[in-house]
Amino acid sequence: MLSPREAVRTLASYHPPLAGRDGLRLDFNENTVGCSPRVLERMRQLGPEQLAKYPEREPVEAAVADVLGIAAQELLLTNGVDEAIHLLCETYLESGDEALIVVPTYSMYRIYMMATGAEVVSIPAGKDFIFPRDELCNRITPRTRMIAIANPNNPTGTIAPQDDLRQIAHSAPSAAVLVDEAYFEFCGQTMLDTRKEIPNLFVARTFSKAYGMAGLRSGMLVGDAEQMQAVRRVCSPYNVNAVALACLPEALDDQVYVQQYVNEVRASRVRLERMLETNGIPFWPSQANFVLARVGAAASFVEHMRQRGILVRDRSSDHGCEGCVRITLGSREHANLLLTALQETLEELGLAQGASRR
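**Structural notes on the layout of surface pockets**
Here is step 1: Of the volumes computed, that of the largest pocket is approximately 610 Å³.
Here is step 2: Lining the largest pocket are 28 residues, with Phe28, Asp82, Tyr106, Lys209 and Arg217 positioned closest to its centre.
Here is step 3: Only α5 (80-92) and α6 (107-115) provide two or more residues apiece to the lining of the largest pocket.
Here is step 4: Of the residues that constitute the lining of the largest pocket, the class distribution is 12 nonpolar, seven polar and nine charged.
Here is step 5: Lining the second largest pocket are 19 residues; nearest its centre among them are Thr105, Tyr106, Ser107, Arg110 and Asp318.
Here is step 6: Breaking the lining of the second largest pocket down by element, the ones donating at least two residues are β3 (98-103), α6 and β12 (313-314).
Here is step 7: With four residues, α6 is the largest single contributor of residues to the lining of the second largest pocket.
Here is step 8: Grouping the constituent residues of the lining of the second largest pocket by class yields nine nonpolar, five polar and five charged.

In structure tokens, the structure reads:
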């Protein structure tokens, strides 16, 4: 009788609550206004012949690499960052290996790691979700073959210092060290410039957040050219669809649009954090396009916000996030709607101004 591999059969499924998302979507860290108008115009120009052909990834990779100032051989375009994570796991992990993550963090690291049969070792973040460099380094063993770090981290918005990331990569030369920079544009810190000195370091980026192209599933993985050659062996030559490939150059060329949105998100982030502080709601200062706050009865809070047309994400099941919600930031207009609904909800739930500090 046909049966899945043991690692797959026992794997926990990840089911994001995508259904019934009516309202202002501040629950999935999506761009709240959408992509550049130049991207939409490029989509309108696509004809049936272009969609009938298999997509050609390499020319667009060369263009993206040129923008980043790196060699094309160091970059692989992927079907979102999810595929980049998956490809690294398939390239470097097998049954009996160890993979390290810092929790709380993005759920798909664990899932892709466990699917290979590797053992996932979770290192809890420190107080106030401080990055646990020493604890992580102490857990590195000869069996450690992969380490995944979201920077800024999701769902906390906290950031790991670059020196800490360098030390970890140097401490685990036999492990693929992934620094997932999905929220890079909102903080500006990157490990991309250090890839030459650390051959086991990989950096992932996405066009889903700041660029507003989550529906096109576009991401990238950057690493040492020799290591990337190995990653390409397990990657389909047609992994990125033709529409995404046609739109990427336009998205990259319109940096004015992207920077304007990023600036609005940063301003919205400041406004949200000030309101939370004014009302005595514990939160963690964020470097991403969202803020994690502890509101107590998270499910009730989410429902009250939903009734006001605002969707936020309950993160209570994440390690150390009991009673927490994650709130995505967007444009100035959307921040106005959020803050009005938030103040009303805090007052209705009796959380305004009197909540205890963490």
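Right, picking up where we left off after that structure.
**Section: the sheet that holds strand β13 (residues 324-328)**
Here is step 1: The antiparallel open sheet is built from four strands, whose spatial order is β9-β10-β13-β12. The open sheet has two edge strands with one neighbour each: β9 (283-284) and β12.
Here is step 2: When strand β10 (residues 290-294) meets β13, the two strands line up antiparallel, connected through five bridges. Each residue of the ladder has a partner; that of Val291, found in β13, is Ile327.

**Here we look at the sheet that holds β3**
Here is step 1: In space, the seven strands of this open sheet follow the order β2-β8-β7-β6-β5-β3-β4, with mixed pairing throughout. Only two strands of the sheet have a single partner each, and these edge strands are β2 (75-78) and β4 (119-124). Between one strand axis and the next, the sheet turns by 20° as a mean value, whatever way the strands run.
Here is step 2: For strand β5 (residues 144-150) and strand β6 (residues 176-180), the ladder comprises five bridges, and the chain directions are parallel. For Met146, the partnering residue across the bridge sits in β6 and is Ala176.

Reading guide: rules and limits
- Residues numbered from 1 in each chain as written.
- Predicted model: local features only at pLDDT ≥ 70, side-chain atom pairs only at ≥ 80, totals over all residues.
- Heavy atoms only, no water.
- 1 Å grid on protein atoms, 1.4 Å probe; cavity = no way out; pocket = protein on both sides within 12 Å on 5 of 7 lines; lining within 4 Å.
- Points joined across faces, edges and corners; volume = space filled by probe spheres on them.
- Helix = DSSP H or I, 4+ residues; strand = E, 2+ residues; numbered from the N terminus.
- Nonpolar A, V, L, I, M, F, W, Y, C, P; charged D, E, K, R; others polar.
- Pairing = 2+ DSSP bridges.
- Axes fitted to C-alpha atoms, helices over the stretch in contact; angles between N-to-C directions.

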